[in-house]
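# Structural description and commentary
Listed below are the residues making up each chain.
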Amino acid sequence: MQKIIDFIKQIFFTNDFIPLHEPRFIGNEKKYLNECIDSTFVSSVGKFVDQFEKEFALYVGSKYAIATVNGTAALHISLLLADVKKDDEVITQPLTFIATCNAISYIGAKPIFVDVDLDTMGMSPKSLLDFLENNCEIKDNNCINKTTRKIIKACVPMHTFGHPCKIEEIKDICEKWNIVLVEDSAESLGSFYKNKHTGTFGKIAAFSFNGNKIITSGGGGVIVTDDEVLAKKAKHITTTGKIPHPYEYVHDQIAYNYRLPNINAALLVAQMENLDNFLTSKRQLAKIYKEFFSNENITFIKEPANSKSNYWLQAVLLNTKKQRDEFLEYSNKNGVITRPIWKLMNELDMFKDCQTNKLINAKYLEERIVNIPSSVRL
Ligand SMILES: *Cc1c(COP(=O)(O)O)cnc(C)c1O
């Protein structure tokens, strides 16, 4: 075990404490922040927001991008625009960050959990199809859950740690079952499936720029879509539903104050300029880890087939839960920060009565996956 600790300290060029993931501000961040402050346009209107949205849409190859205060807000609005309503159901994966299920719950909808694949740690198309074929029927163009008689309106797969899930197969299944595909791409900026950027397969997708993500604005998020109507609605509903007017306050619906402030966007514009450098560094780190762990009888999680991963958070698979616990204990005690993957959502109090398909892989991974230091190396 000490050998692993020594190795990680060596590749991060330090003998001190090594965080799991820290942001890097090595470009024009301070310059743009100063510019933003000098302009006094620090709030939700300003040139950095517009610039960021244009550049982001271009980067991922979607027609529209709408910046939001955080990724959870982006997901919440994405689900509303997918027409998810109170008492609807939404299929997602149990192995995800809580934000996915929180966003579903804000609407009064309920998650259903299907299994993940071992190679992607993301939603398994096989488990999704299995659940639909055994539990659902199409009636009046809606996918109906035969157990609850509720409408399954949307499906939210997540690209775990930046590794793309089998999104094309999931998309095909959703189309056949009249379910709207919403991608939780919070972790997958810079990740591609068959050369197409994650988040551009579904009707709509959400990304996050929280402090621990691959690029950050402190807090921030973005919605992407190719649908002009949805894009307009997204901007409107995140801007308090205000009808644009030179001086009058007229609002036409109950809406949200979810727009990303210009000052956060200033940070993001600078971060975007370094995204390709960050990706190169992370993919290099993955190569180093892969080689090292292959000699340690520990499985390093590689990008799945057909994918180019951003390797946002690097992960290893320990052989047993006991080995995992020992690894967590030893590394954290010795200044190398490591974290277990999330507890399964269906085992949390709030979601323990939600319907699930057999969750065999999710349980297996929950007990064995550990994230190891993943910051961009300078
Ligand atoms: C980070 C994250 C989000 C959004 O988080 P915010 O902190 O609100 O930006 C959503 N889903 C997943 C899977 C995430 O990792």
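The rules we used
Residues numbered from 1 in each chain as written. Predicted model: local features only at pLDDT ≥ 70, side-chain atom pairs only at ≥ 80, totals over all residues. Heavy atoms only, no water. Near = heavy atom within 4 Å. Polar contact = N/O pair within 3.5 Å; in protein donor to acceptor, adjacent residues only side chain to side chain. Areas by Shrake-Rupley, 256 points an atom, 1.4 Å probe, with all protein chains shown as cover. Helix = DSSP H or I, 4+ residues; strand = E, 2+ residues; numbered from the N terminus. Nonpolar A, V, L, I, M, F, W, Y, C, P; charged D, E, K, R; others polar. Phe/Tyr/Trp six-rings, centres within 6.5 Å; stacked < 30°, edge-to-face > 60°. Buried < 20%, exposed > 50% of the residue type's maximum accessible area, 1.4 Å probe, protein only. Lys NZ or Arg CZ within 6 Å of the ring centre and 35° of its normal. Pairing = 2+ DSSP bridges. Axes fitted to C-alpha atoms, helices over the stretch in contact; angles between N-to-C directions. Contact = heavy atoms within 4.5 Å. Salt bridge = Lys/Arg side-chain N within 4 Å of Asp/Glu carboxyl O. Domains from an automatic or database assignment. Buried area = accessible area lost by both parts, 1.4 Å probe. Core = buried A, V, L, I, M, F, W, Y, C linked by side-chain atoms within 4.5 Å.

### Side note on the site of the ligand
Taken together, 15 residues lie around the ligand, and Gly-71, Thr-72, Glu-187, Ser-208 and Lys-213 are the ones closest in. Ser-208 has a polar side-chain atom sitting 2.6 Å from an oxygen atom of the ligand. Note that an oxygen atom of the ligand is positioned 3.2 Å from one of the side-chain N or O atoms of Lys-213. Isolated, the ligand exposes 390 Å² of accessible area, and the fraction of that covered by the protein chains is 93%. Elements that contribute at least two residues to the shell around the ligand include exactly helix H4 (71-81) and helix H5 (98-106). Considering only residue class, the shell around the ligand consists of 4 nonpolar, 8 polar and 3 charged.

### Concerning the packing of aromatic side chains
Throughout the structure, instances matching the rule amount to 14 aromatic pairs. A ring pair is formed by Phe-56 and Phe-209, whose centres lie 5.7 Å apart and whose planes are at 80°; its orientation type is edge-to-face. Separated by 153 residues along the polypeptide, Phe-56 in helix H3 (residues 47-60) and Phe-209 in the loop between strand E10 (204-208) and strand E11 (221-225) bring together distant segments of the chain. Aromatic pair Tyr-289 and Phe-293: ring centres 5.8 Å apart, planes at 40°, arrangement tilted. With a gap of 4 residues between them, Tyr-289 and Phe-293 both fall in helix H10 (residues 275-294), about one helical turn apart. Across the pair, exposure class does not vary: Tyr-289 and Phe-293 are buried alike. Every member of this aromatic cluster is reached through a ring pair, and the members are Phe-7, Tyr-289, Phe-292, Phe-293, Phe-300 and Tyr-311. Lying across the ring of Phe-97, Lys-213 places its NZ or CZ 6.0 Å from the centre. The cationic tip of Arg-368 hangs over the ring face of Tyr-364; the distance from NZ or CZ to the ring centre is 3.8 Å.

### As for H4
The element H4 is largely enclosed, with a buried count of 9 among its 11 residues. Looking at H4, one finds that the buried residues are Gly-71, Ala-73, Ala-74, Leu-75, His-76, Ile-77, Ser-78, Leu-79 and Leu-81. Where H4 begins, the capping side chain belongs to Asn-70, and its oxygen is found 3.1 Å from the backbone nitrogen of Thr-72. Downstream of H4 by one or two residues, Asp-83 has phi in the positive range, about 70°.

### Thoughts on the sheet that holds strand E2 (residues 89-92)
Within the open sheet, the 7 strands sit side by side as E1-E11-E10-E7-E6-E2-E3. Their pairing is mixed. If you trace the sheet from one side to the other, it starts and ends with strand E1 (64-68) and strand E3 (110-113), each paired once. This sheet shows a mean twist of 25° between the axes of neighbouring strands, independent of strand direction. Where strand E7 (residues 180-184) lies against E10, 3 bridges are found, and the strand directions are parallel. Bridging from a neighbouring strand, Asp-184 pairs with Ala-206 of E10. Packing against the sheet, H3 makes contact with E1, E10 and E11, and its axis sits at approximately 130° to E1.

### Regarding the pattern of salt bridges
In the structure shown here, the tally under the stated rule is 23 salt bridges. As a salt-bridge pair, Asp-83 and Lys-85 come within 2.8 Å of each other at their nearest N and O atoms. Owing to a relative accessible area of 44%, Lys-85 belongs among the partly exposed residues under this scheme. Among the salt bridges present, the one from Asp-227 reaches Lys-203, with a minimum N-O distance of 3.2 Å. Residue Asp-227 is found in the loop between E11 and helix H8 (228-237), and its partner Lys-203 is found in the loop between strand E9 (196-197) and E10; the two are separated by 24 residues along the sequence. Each of Asp-83, Lys-85, Asp-88 and Lys-153 takes part in a single network of salt bridges with overlapping partners.

### Remarks on the domain arrangement of the protein
Under the domain assignment, the protein is made up of domain 1 (2-23 + 275-343 + 367-372) and domain 2 (29-274). Here the C-alpha centroids of domain 1 and domain 2 sit 27 Å apart. Listed per partner, the contact involves 27 residues of domain 1 and 32 residues of domain 2. Together, the buried faces of domain 1 and domain 2 total about 2,500 Å²; carbon and sulfur atoms form 62% of this surface. Considering only the side of domain 1, the residues that lose the most area to domain 2 are Leu-275, Trp-312 and Trp-342, jointly responsible for 33% of the buried surface there.

### Focus on the nonpolar core
Among the nonpolar cores identified, the biggest contains 53 residues, and Phe-52, Phe-56, Phe-161, Leu-189, Phe-209 and Ile-369 are the most heavily contacted of them. Per-domain counts for this core show at least three residues from each of domain 1 (2-23 + 275-343 + 367-372) and domain 2 (29-274). Every residue in contact with Leu-189, bar those within four places of it in the chain, is listed here: Phe-56, Tyr-59, Val-60, His-197, Phe-207, Phe-209, Ile-214, Ile-215, Met-272, Leu-275, Leu-279 and Asn-310. Counting 25 residues, the second-largest nonpolar core is a separate cluster that includes Ala-74, Ile-107, Ala-154 and Ala-231.

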